[in-house]
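Single-letter residue listing:
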Amino acid sequence: MANVDYSIVRGAERAVATNKVLKNTYLLLSATLAFSAVMAAVSMALALPSWMYLVSVIGAILMGMFVLPRTANSSAGIGVIFGITGLLGLGLGSILTAYLALPKGPEIIATAFGGTGLIFLGLSGYALTAKRDFSFLGGFVFAGMMVVLIAVVANLFLQMPALSLAISAAIILLMSAFILFDTSRIVNGGETNYIMATYGLYLSIFNIFISLLQILGIMSGDD
Amino acid sequence: MSLFLQIALAVILVMMLFFLWPTFKHWQEHGPKAKAGDWQAVILPLALVVGLVVLLIALVR
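These numbers were taken from a predicted model, which means no experiment stands behind them.

K.L.:
I keep staring at the interface of chain A and chain B and nothing clicks. Help me out?
P.N.:
How large an interface is tends to be reported as the accessible area lost when its parts come together. At the junction of the two partners, chain A supplies 49 residues and chain B supplies 41 residues. Approximately 4,200 Å² of surface area, both sides summed, lies buried where chain A meets chain B, with 85% of it carried by carbon and sulfur atoms. Applying the counting criterion to the chain A and chain B interface returns 1 salt bridge. The salt bridge partner of D38(B) is R132(A), with a shortest N-O separation of 2.7 Å. Put simply, chain A and chain B have 4 residue pairs in polar contact (both at pLDDT 80 or more) between them. Secondary-structure elements contributing two or more residues to the side of chain A that touches chain B are α2 (51–71), α4 (105–129), α5 (138–158), α6 (161–187) and α7 (194–219) of chain A. With 13 residues, the single largest contributor to the side of chain A that touches chain B is α5(A). Of the residues in the side of chain A that touches chain B, the class split is 37 nonpolar, 8 polar and 4 charged.

Laid out in structure tokens, this is it:
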């Protein structure tokens, strides 16, 4: 009777499942980013006011907290994630309209876009090839997230430019760590739901882009 | 309008803090601990991110 090493078979099955999650995550991420870009273009064409950004962020947070976790294991989750990313795209469009009105606006937007792409591709490539499990970052990133949230709430009312700059810098570092953490969890089988994985990576990219826009806007002397 | 939205966002962000708390506790208590060399493997790419942001700032100034 053939002596089958089931640990190898199970390992191969796990690798196939992980690759499937990874492939589906990047496909859905590409689609949601493209959809967001279309919605941002629609928002810019309609010249939506800048308060639309706050409305879209509130809507997206509520959907992300209450609707997405309940639908992520069904096909309805796809519709919900497109709803969230479309909403954030609409809000982003209103911010971009405001930046385009600045003298160096188009340059700032292009630089932030390129920088976000470089950061995401670089960190994802690193996490995929490093053969390291970055899930030890869990406690650190969630603690950092809570500190940043408290600072964001405080600055909603204090409106201090220096604190705003510090928050943006902290968000870029924190979201960079989240990219390592999320990608590593997909690769190592810690995240098996590609909708939730896409949501995590999308939020990291979105937050890095918004924070870079703010930092470049302030530092260029235009904001 | 803006003040109302700011208050609404603040309430939702505080709510999010309460949502995040159990996740934070879980990762703090049950998450894997860093092994030797793990933090260096994180600090290096994050330092490169900082360098890139500084470069981008220099580009738009």
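K.L.:
Sorry if this is basic, but what is going on with the pattern of salt bridges here?
P.N.:
Here the idea is simple: oppositely charged side chains can pair when their charged atoms come close. Applying the stated criterion to the full structure yields 3 salt bridges over all chains. Put simply, E191(A) and R185(A) hold a salt bridge, and the shortest N to O gap is 3.9 Å. The closest approach of N and O atoms between E29(B) and K25(B), which form a salt bridge, is 3.2 Å. Residue E29(B) and its partner K25(B) are located together in helix α1 (residues 2–30), separated by 4 residues, close to a single helical turn. Residue K25(B) is classed as partly exposed on the basis of its relative accessible area, which comes to 34%.

K.L.:
Which parts of the structure should I look at to understand the packing of α7(A) against helix α2 (residues 38–60) of chain B?
P.N.:
For any two helices packed against each other, the geometry comes down to the angle between their axes and how far apart the axes lie. Axis separation between α7(A) and α2(B) bottoms out at 9 Å; the angle between their running directions is 45°. Put simply, α7(A) runs oblique to α2(B). Relative to α2(B), α7(A) is oriented so that their crossing is right-handed. Taking contact as the criterion, the partners of L212(A), I215(A), L216(A) and M219(A) in α7(A) are, on α2(B), V53(B), L56(B), I57(B) and V60(B). The class makeup of the residues in the contact of α7(A) with α2(B) is 8 nonpolar, no polar and no charged.

K.L.:
Explain α4(A) here, please?
P.N.:
Quick reminder: α-helices carry 3.6 residues per turn. Residues three or four places apart thus point the same way. Residues and elements named next belong to chain A. Its 25 residues place the ends of α4 36 Å apart at the C-alpha level, agreeing with the 36 Å of an ideal helix rising 1.5 Å per residue. Residues G105, I108, I109, T111, A112, G115, T116, I119, F120, L123, S124 and A127 constitute the buried set of α4. Phi turns positive one or two residues past the end of α4, at K131, with a value near 55°.

K.L.:
Looking at this model, I keep getting lost on the packing of aromatic side chains. Mind explaining?
P.N.:
Two aromatic rings, taken as a pair, are described by how far apart their centres are and by the angle between their planes. Within this structure, the stated rule accounts for 14 aromatic pairs over all chains. Measuring from centroid to centroid gives 5.0 Å for F181(A) and W27(B), while their planes differ by 75°, and the two rings are edge-to-face. Of this pair, F181(A) sits in helix α6 while W27(B) sits in helix α1, on two different chains. Side by side, F181(A) and W27(B) carry an identical accessibility label, which is buried. Ring centres of Y202(A) and F206(A) lie 6.1 Å apart, and the angle between their planes is 20°; on these two criteria the pair is classed as stacked. In this pair, Y202(A) and F206(A) both sit in helix α7, 4 residues apart, roughly one turn of the helix. Here Y202(A) falls in the buried class, since its relative accessible area comes to 3%. One aromatic cluster in this structure is built from Y126(A), F134(A), F136(A), F140(A) and W39(B).

K.L.:
How do you make sense of the side chain of S43(A) when you look at a structure like this?
P.N.:
Inspection of the secondary structure assignment puts S43(A) in helix α1 (residues 6–45). Leaving out residues up to four positions away in the same chain, S43(A) has contacts with L48(A), L90(A), G93(A) and S94(A).

K.L.:
Could you clarify how one ought to interpret a nonpolar patch on the surface in this entry?
P.N.:
A cluster of nonpolar side chains, namely L62(A), F66(A), V67(A) and F19(B), defines an oily patch on the protein surface of about 290 Å² accessible area. Of all the elements, α2(A) adds the most residues to the nonpolar patch, at 3 residues. Locating L62(A) in the fold gives a position in helix α2.

K.L.:
Could you clarify how one ought to interpret the environment of Y202(A) in this entry?
P.N.:
Measuring from C-alpha to C-alpha, the distance between Y202(A) and T85(A) comes to 8.0 Å, with 117 residues separating the pair along the chain. Not counting residues up to four positions away in its chain, the partners in contact with Y202(A) are L29(A), T32(A), L33(A), S36(A), T85(A), L88(A) and G89(A).

K.L.:
Even after reading the chapter, I still don't get the nonpolar core, so can you show me in this structure?
P.N.:
A general trend in soluble globular proteins is that nonpolar side chains are found buried together. Core analysis: the biggest nonpolar cluster contains 84 residues, and L212(A) and L213(A) have the highest contact counts within it. When residues of this core are assigned to their parent elements, the largest contribution, 14 residues, is made by α7(A). Apart from residues no more than four positions distant in its own chain, L212(A) is found in contact with A112(A), G115(A), T116(A), I119(A), I172(A), V53(B) and L56(B).

Cut-offs applied
- Residues numbered from 1 in each chain as written.
- Chains lettered and ligands numbered in written order.
- Predicted model: local features only at pLDDT ≥ 70, side-chain atom pairs only at ≥ 80, totals over all residues.
- Heavy atoms only, no water.
- Contact = heavy atoms within 4.5 Å.
- Buried area = accessible area lost by both parts, 1.4 Å probe.
- Salt bridge = Lys/Arg side-chain N within 4 Å of Asp/Glu carboxyl O.
- Polar contact = N/O pair within 3.5 Å; in protein donor to acceptor, adjacent residues only side chain to side chain.
- Helix = DSSP H or I, 4+ residues; strand = E, 2+ residues; numbered from the N terminus.
- Nonpolar A, V, L, I, M, F, W, Y, C, P; charged D, E, K, R; others polar.
- Buried < 20%, exposed > 50% of the residue type's maximum accessible area, 1.4 Å probe, protein only.
- Axes fitted to C-alpha atoms, helices over the stretch in contact; angles between N-to-C directions.
- Parallel < 35°, antiparallel > 145°, perpendicular 65-115°, else oblique.
- Left-handed = near helix turned anticlockwise from the far one by under 90°.
- Expected span 1.5 Å × (residues − 1).
- Phe/Tyr/Trp six-rings, centres within 6.5 Å; stacked < 30°, edge-to-face > 60°.
- Patch = residues over 30% accessible without salt bridge, like charges linked within 9 Å, V, L, I, M, F, W, Y side chains within 5 Å.
- Areas by Shrake-Rupley, 256 points an atom, 1.4 Å probe, with all protein chains shown as cover.
- Core = buried A, V, L, I, M, F, W, Y, C linked by side-chain atoms within 4.5 Å.

Don't take any of this as a statement about function, it's just geometry.
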